[in-house]
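# Structural overview
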Amino acid sequence: MSRGLTRYLLLRLARAAATVWGVVTLVFLLVHLIPGDPLDAILGDQAAPEDRAALRSALRLDRPLPAQYLAFAADVLDGSLGHSFRQRDREVASLVVDVLPYTAALALCSLCVALALSLPLGVLAAVRHRSAWDKGASLLALLGVAIPNIWLGPLLVLTFAVQLRLLPLPGDDASRPLALLLPALTVGAALTAVLTRQTRAAVIEVLSEQYILAARARGVPPFALLFRHALRNALLPIMTVAAAQLGGLLSGTVIAEKIFERPGVGSLFLEAFFDRDIPVVQGCVMLVAVSYVLLNLLVDLLYGVVDPRVRLS
Amino acid sequence: MKRSALLQVLQRGRRFAVPPPGVCVVLVFCALGLLGPALAPYAPAAIDLRAEYALPTALHWLGTADNGVDVLSVLLHGARLAGEVALGSVGLSVLVGTALGALAGYRGGRTDYVVSGFADVVQAFPGIVLNVAILALVARPGVLHVVLALSASGWVLFARIARAQAMLLRETEFVAAARLLGASQAHILLRHVAPNMLGPIVVQGTAALGGAVLAESTLSFLGLGPGAAASWGALLDQGSAVLLRFPHVALIAGSTIAITVLGFNLAGDYARDRLDPRSRQHADPRVAS
């Protein structure tokens, strides 16, 4: 490993760690930054004084701010994320871990759907530049960006589950693999659209480079030319855009879980919202934010793998 | 020669007279936001139990939803709510974001470090997650709370743009001249830096208005909205619940949201083409982004 690469890795890791610390601190401070007493939000303003006092000490709001922060940080560091209000015997982390596989599967499946649709479409649109394929792909991309996922979900249900009766309805057994398809399309549509655009633009740009001409002149077969020479060089801008969209993917799972009545971190989050179960809300928010930071870190590290030029600079 | 010049003016005049579809949608949205509640044939909560989930009729032009509430009236009142939330949250985001970003970009050093670090942390909360977490801590979320919650994440985009612009402007000769003439930092920022970054801010602001309409709809759809009687997202949620039997409610509410958001995005593209001459050279302005 070169010294430059080590330095790049360390700097990137340090920045991610600082951001994670910032996320934890901000989640802690939210309770204090927001005007009004969180106790009113949880209990309503008619609650008995002894209930308020009990909750205040359960939330540790009776302690000085630095002590609260230390206790909060300790809960994060020992991995328990504190205790739920509504189910006092449950640690927040165990509640989250129970439903995390559903959300992870959905997010991963959405990413796969988006990549499987957008890469071929984008490459096709670029190779057949200005053809009907290109126009069709552009139109699809525009639609994918424009249709909000809160509407796309119901539309997909109406078409595929109600009219065509091909796929399971919302609320059906969520562990069936087919039940994952419509939610994944709902979450992945926007990403598909953005990636199709980006793939098309990046491949068009790479195909006009001199080295593609040189490779073609050497007699590299078209397929190898496209995949080994063009797509690999186009991957970097595609990955950058994909990384920027990961946040949309994660928050999209919250919406898809509500539409398709699936268990998951999003459902837990919304349930906790309505119960005003503040520790669970905090835990879910922290989990999503930290995953987002780590995913971005992963993408940054992948740059170095995909493109050796990043390692050297 | 003269004739073609005249023709050019005429053509330009005509292009100005017929705004592109995106701008039309935005204008219609603004008009409905202002006049909608006055135009609405019914109150947004007026129930008519005999006509629940009716298809469009002469009495109810777009049909009815839960309890026979008139869909058109809900949409018209909802336009006001969406407009209020969008204008409030984008306005606040632009003000706060531009101020912080310009300060960070112009001063650099420690200011930049703090503002950029804070922006990084806020940006780590994807989509509506931070907004929901904020609303969870409020007893009864109202329009103001939703505006504040959306601005809590919305300012970052404008801060990043303003920072980049301010870093470029800092090095220009007219800013250096102002500095040499002894102008104060506040004066330079307000009179020389801020006016010159308006273009990209306006472009992003236009698209962000569409994003805010969508965010309000999404929050209401999830049941976390400002709890007003009429909201597009809440109507879509109601419609989704009865999707199997009465799909028209969800279809109408959903397409209203989609067309509005698309309109603001197209208007943002249009604003970019008009305000940023560089992007006009590209054949397809969307590729340039």
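Residues numbered from 1 in each chain as written. Chains lettered and ligands numbered in written order. Predicted model: local features only at pLDDT ≥ 70, side-chain atom pairs only at ≥ 80, totals over all residues.

### As for the overall build of chain B
In terms of regular secondary structure, chain B is built from 13 helices and zero strands. Secondary structure elements in chain B, listed N-terminal to C-terminal, are α-α-α-α-α-α-α-α-α-α-α-α-α. Residues classed as buried in chain B amount to 51% of the 289 residues present. Of the contacts formed within chain B by residues at least 6 apart in sequence, a portion of 68% connects residues at least 24 apart. (Helix = DSSP H or I, 4+ residues; strand = E, 2+ residues; numbered from the N terminus. Buried ≥ 20, exposed ≤ 12 C-beta atoms within 10 Å, placed from the backbone. Contact = placed C-beta atoms within 7 Å.)

### Considerations on the interface of chain A and chain B
Chain A puts 40 residues into the contact, and the matching count from chain B is 37 residues. Tallied by class, the residues present in the side of chain A that touches chain B amount to 30 nonpolar, six polar and four charged. (Nonpolar A, V, L, I, M, F, W, Y, C, P; charged D, E, K, R; others polar.)

### Quick word on the confidence of the model for chain B
All names here are of chain B. Across chain B, pLDDT averages 80, with 87% of residues at or above 70. Across residues 280-289 the pLDDT falls below 50, and counting only partners more than four positions away or on other chains, this stretch makes 11 contacts in the model. For this predicted complex, the interface confidence score (ipTM) comes to 0.80, while the overall pTM stands at 0.82. (pLDDT = per-residue confidence, 0-100.)

### Focus on unusual backbone geometry
Residues and elements named next belong to chain A. Positive phi is not limited to glycine here, since Arg-130 has a value of about 65°. Positive phi is not limited to glycine here, since Glu-261 has a value of about 50°. Tracing the sequence through the fold places Glu-261 in the loop between α10 (222-259) and α11 (265-275). Classification of Glu-261 as partly exposed rests on a count of 13 C-beta atoms within 10 Å.

### Regarding the environment of Asp-112 of chain B
All names here are of chain B. Position of Asp-112 relative to the elements: it lies in helix α4 (residues 109-123). Owing to 18 C-beta atoms within 10 Å, Asp-112 belongs among the partly exposed residues under this scheme. The residues contacting Asp-112, other than those within four sequence positions of it, are Ala-104, Gly-105 and Arg-107.

### What about the nonpolar core?
Ranked by size, the top nonpolar core spans 176 residues in total, and within it Val-281, Cys-284 and Val-285 of chain A carry the most contacts. Counting residues per element, this core draws most heavily on helix α3 (residues 71-107) of chain B, at 16 residues. Setting aside residues up to four positions removed in sequence, Val-281 of chain A forms contacts with Phe-269, Ala-272 and Phe-273 of chain A together with Ala-133 and Ala-136 of chain B. (Core = buried A, V, L, I, M, F, W, Y, C linked by C-beta atoms within 7 Å.)

### Some details on the packing of helix α9 (residues 198-221) of chain B against helix α10 (residues 232-241) of chain B
Residue and element names in this part refer to chain B. Axis separation between α9 and α10 bottoms out at 6 Å; the angle between their running directions is 45°. By the angle class used here, α9 and α10 are oblique. Here α9 runs over α10; the crossing is right-handed. Along the contact surface, α9 presents Glu-216, Ser-217, Thr-218, Leu-219, Ser-220 and Phe-221, while α10 presents Trp-232, Gly-233, Ala-234, Leu-236 and Asp-237. (Axes fitted to C-alpha atoms, helices over the stretch in contact; angles between N-to-C directions. Parallel < 35°, antiparallel > 145°, perpendicular 65-115°, else oblique. Left-handed = near helix turned anticlockwise from the far one by under 90°.)

### A few points about the environment of Val-187 of chain A
Of note, Val-187 of chain A is situated in helix α8 (residues 181-207). Ignoring any residue separated from it by four or fewer positions in sequence, one finds Val-187 of chain A in contact with Leu-106, Ser-110, Asn-149, Leu-249, Gly-252, Thr-253 and Ala-256 of chain A.

### Here we look at α11 of chain A
With eight of 11 residues buried, α11 of chain A is to be regarded as a mostly interior element. Looking only at α11 of chain A, the buried set comprises Val-265, Gly-266, Ser-267, Leu-268, Phe-269, Leu-270, Ala-272 and Phe-273 of chain A. The elements touched by buried residues of α11 of chain A are α5 (92-127), α10 and α12 (278-306) of chain A together with α5 (129-135) of chain B. One or two residues past the end of α11 of chain A sits Arg-276 of chain A, with phi positive at roughly 50°.

### Describing the packing of α10 of chain B against helix α11 (residues 247-275) of chain B
All names here are of chain B. Between α10 and α11, whose axes approach to 8 Å, the crossing angle comes to 150°. One element, α10, and the other, α11, form an angle in the roughly antiparallel class. As α10 packs across α11, the resulting crossing turns out to be left-handed. For the pair formed by α10 and α11, the contact residues are Trp-232, Leu-235, Leu-236, Gln-238, Gly-239 and Ser-240 on the first element and Val-249, Ala-250, Ala-253, Gly-254, Thr-256 and Ile-257 on the second. Grouping the constituent residues of the contact of α10 with α11 by class yields seven nonpolar, five polar and no charged.

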